[in-house]
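Observations on chain architecture
These are the residues of each chain, in order.
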Amino acid sequence: MIQRFNRHFALEAHGTTWRRELMAGLTSFFTCAYIVLVNPLILQDSGIPLSAGVMATLVASIVGCLLMALWANAPIIVIPGMGLNAFFSYTIVQSLGLSWQQGLAAVTVSGILFLIVSVTSFGGRIVGAVPPSLKHGITAGIGLLLTFIGLQKGEIIRSGSATLVTVGSFHNPVMLSTLAGLAVTFMLFVRNVKGSLLIGIFVTSLITFAGTGKANMTTEALDVRAYGRIMTSIDFHLWQVPFWIAVFSMTMIVLFENMGLLSGMLPDARKFPKAYQTVAFSAVLSGLLGTSPTIASAESASGISEGGRTGIPALITAVLLGVSALALPFIGMIPGNAVAPVLIVIGALMMKSVQEIPFHDLSEVFPAFLIIVCIPLTSSIADGLAFGFIAYPLMKLATGQFKQVPAMLYVIAALFMLNFIASSVYVH
């Protein structure tokens, strides 16, 4: 059995070890475990029962991670995307007026379109059309988004009365616990301590428990029968205009968000085609399994930072997600701020990509800059990409370099513009 696993994951060829991969898997799991509780709460606002949402989140995540481990052999964690779940509940259902059953159908159809793109030459042409400056901007932008999320989770920043964002209160024990955990995590990481990010999660949790004097426990139970009703309730209303607006918007988001995430995180670019196809197939299954689309999660970067190079971190995460179905109260004990230091450290590492952007050429810099700032400031990878992809051909037109822009990039920019227009017209 061990030899079979060694042949499949090819640890020696990847220059890694079982210990390193297992540590990466544990780190990845604890960094993304919050999705088991958070995703169902957001889906509940669309009408999906909470217990069924927990089951859907677990099943879709386990299937997605197993596919990534066994097919793509990549250290990418596949879970329902934060932002996409909000788009599902608050835009597709509440704004466009679809039922959650019709929303799941839209997720399935958009996943099918995504899968078609990923398995044809069209997908390769899209990836090849993206200039290096935008790819590096995507990596840095995702790093800033992770940092922004980490600062929010750690309550180091909060919404202010005079400004959108302001520093948190130094009387807040959660913020102080996060800062202490961040200091420990940084010191361990710069000293190259093995498992530093995982240790940081546990240290921050312990400090938070000590500082707040309490630990949250979830009482949510799994309801298999309720989940069975979800899986048989998908409603394909193909003749409704809002349905196709939802499909188009969702397809644009999953297609380019996954492209950006995988381009920015994969240690081995040669694994991109299979990894891209995996998340596409997983997105198709998401609607059928009862949740918003699964994506290549940005939290995968935590395991990659711990040295993950094969599909073992995804496999470990799938196994632990299965175990978590029996241990939801204990998963719920992990405070939300425990992963904040990890996200901030990873964000700092991903910012290294900016040094690859040719700053002597403003027609390359400005679109990349828009991606870098708009991804965190809009809290949307897809919207951040849209601004940069639209700006790139405009900058090249302004400088007389329009012939350097691949035809596919003009098409992508036009599609992003169309998505903005359609969303503004039909979303109310």
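Note: the structure precedes this text.
Notes on the structure follow. (Residues numbered from 1 in each chain as written. Predicted model: local features only at pLDDT ≥ 70, side-chain atom pairs only at ≥ 80, totals over all residues. Heavy atoms only, no water.)

1. Looking at the overall build of the protein
Definition in use: Helical segments are the DSSP runs of H or I of at least four residues, strand segments are the runs of E of at least two, and each set is numbered from the N terminus. Note on method: radius of gyration uses C-alpha positions; expected globular size equals 2.2 Å times residues raised to 0.38. Think of it in three bands: residues with accessible area under 20% of the maximum for their type are buried, residues over 50% are exposed, and the middle band is partly exposed, with areas taken using a 1.4 Å probe on protein chains only. What makes two residues a contact is simply this: any of their non-hydrogen atoms within 4.5 Å. Under the convention used here, a 1.4 Å probe and the Shrake-Rupley method define accessible areas, while residue burial counts only the protein chains that appear.
If you tally the helices and strands in the protein, you get 20 helices and four strands. Computed over the C-alpha atoms, the radius of gyration of the protein is 21 Å, within 12% of the 22 Å expected from 2.2 N^0.38 for a compact globule of 428 residues. Overall size of the protein, expressed as C-alpha extent along the three principal axes, is 60 × 60 × 55 Å. In the protein, which comprises 428 residues, the share counted as buried stands at 55%. Counting contacts in the protein only where the partners sit at least 6 residues apart, residues at least 24 apart contribute 79% of the total. For the protein, the accessible area works out to roughly 17800 Å², and carbon and sulfur atoms hold 68% of it.

2. Things to note about the packing of helix H8 (residues 132–153) against helix H17 (residues 340–350)
Test applied: Fitted lines through C-alpha atoms give the axes, limited to the stretch in contact for helices. The angle between two N-to-C directions lies from 0 to 180 degrees. Any angle between 65 and 115 degrees counts as roughly perpendicular, while under 35 counts as roughly parallel, over 145 as roughly antiparallel, and the rest as oblique. Helix crossings get a hand from a simple test, with the near helix turned counterclockwise from the far one by less than a right angle marking a left-handed crossing and a clockwise turn marking a right-handed one. Basically, the charged four are Asp, Glu, Lys and Arg, the nonpolar ten are Ala, Val, Leu, Ile, Met, Phe, Trp, Tyr, Cys and Pro, and anything else, Gly included, counts as polar.
The interhelical angle for the contact between H8 and H17, taken along N-to-C directions, is 160°, at an axis separation of 7 Å. By the angle between their directions, the pair H8 and H17 is classed as roughly antiparallel. Relative to H17, the crossing made by H8 is left-handed. Contacts between H8 and H17 involve Thr139, Ala140, Ile142, Gly143, Leu146, Thr147, Ile149, Gly150, Leu151 and Lys153 from the first element and Ala340, Leu343, Ile344, Ile346, Gly347, Ala348 and Met350 from the second. Taken together, the residues of the contact of H8 with H17 sort by class into 11 nonpolar, five polar and one charged.

3. Regarding a positive patch on the surface
How we decide: Only residues above 30% relative accessible area that lack a salt bridge enter a patch, with like-charged residues linked at up to 9 Å and the nonpolar side chains Val, Leu, Ile, Met, Phe, Trp and Tyr linked at up to 5 Å. Salt-bridge detection follows one rule: a side-chain nitrogen of Lys or Arg within 4 Å of a carboxyl oxygen of Asp or Glu. When charges are counted, Lys and Arg are positive and Asp and Glu negative, with His and the chain ends excluded. The location of each charge is read from NZ of Lys, CZ of Arg, CG of Asp or CD of Glu.
A cluster of basic residues, Arg19, Arg20, Lys194 and Arg309, forms a positive patch on the protein surface. Overall, the relative accessible area of 31% leaves Arg20 in the partly exposed class.

4. Quick look at the nonpolar core
Here is the rule: By convention a nonpolar core is built from buried Ala, Val, Leu, Ile, Met, Phe, Trp, Tyr and Cys residues, the set being connected through side-chain atoms within 4.5 Å.
Met68, Ile76, Phe256, Met259, Leu262, Phe389 and Phe416 are the most contacted members of the largest nonpolar core, which has 112 residues in total. With 14 residues, the top contributor of residues to this core is helix H12 (residues 241–265). Core analysis: the second largest hydrophobic core is formed by five residues, Ala140, Val365, Ala368 and Ile372 among them.

5. Considerations on the environment of Met55
Following the sequence through the fold, Met55 ends up in helix H4 (residues 50–72). Residue Met55 is classed as buried on the basis of its relative accessible area, which comes to 13%.

6. A closer look at the packing of helix H9 (residues 173–190) against H17
One way to put it is that H9 packs onto H17 with a least axis distance of 8 Å and a crossing angle of 50°. The orientation of H9 relative to H17 falls into the category oblique. When you trace H9 past H17, the crossing you get is right-handed. Counted together, Thr178, Gly181, Leu182, Thr185, Phe186 and Phe189 of H9 and Ala340, Pro341, Ile344, Val345 and Leu349 of H17 form the full contact between these two elements. Split by residue class, the contact of H9 with H17 holds eight nonpolar, three polar and no charged.

7. Comments concerning the packing of aromatic side chains
The line we're drawing: Two aromatic rings from Phe, Tyr or Trp, using only the six-membered ring of Trp, form a pair when their centres are within 6.5 Å; if the ring planes differ by under 30 degrees the pair is stacked, by over 60 it is edge-to-face, and anything between is tilted. Charge-over-ring placement is defined geometrically: NZ (Lys) or CZ (Arg) within 6 Å of the ring centre, and within 35 degrees of the ring normal.
The tally for this structure, following the rule as stated, stands at 10 aromatic pairs. Ring geometry for Phe29 against Phe30: centres 5.1 Å apart, planes inclined by 70°, an arrangement best described as edge-to-face. A single burial state applies to Phe29 and to Phe30, both of which are buried. Through a chain of ring-to-ring contacts, the aromatic side chains of Phe29, Phe30 and Phe202 assemble into a single cluster. Above the face of the Trp71 ring, Lys274 is positioned so that its terminal group lies 4.3 Å from the ring centre.

8. Re the pattern of salt bridges
Counted according to the given criterion, the structure contains three salt bridges. Residue Lys396 is joined to Glu364 by a salt bridge in which the shortest nitrogen-to-oxygen separation is 2.9 Å. Of this pair, Lys396 sits in helix H19 (residues 381–398) while Glu364 sits in helix H18 (residues 362–378), placing them 32 residues apart in sequence. For Lys396, a relative accessible area of 0% corresponds to the buried category. Three or more residues joined by partner-sharing salt bridges are found here, namely Asp361, Glu364 and Lys396.

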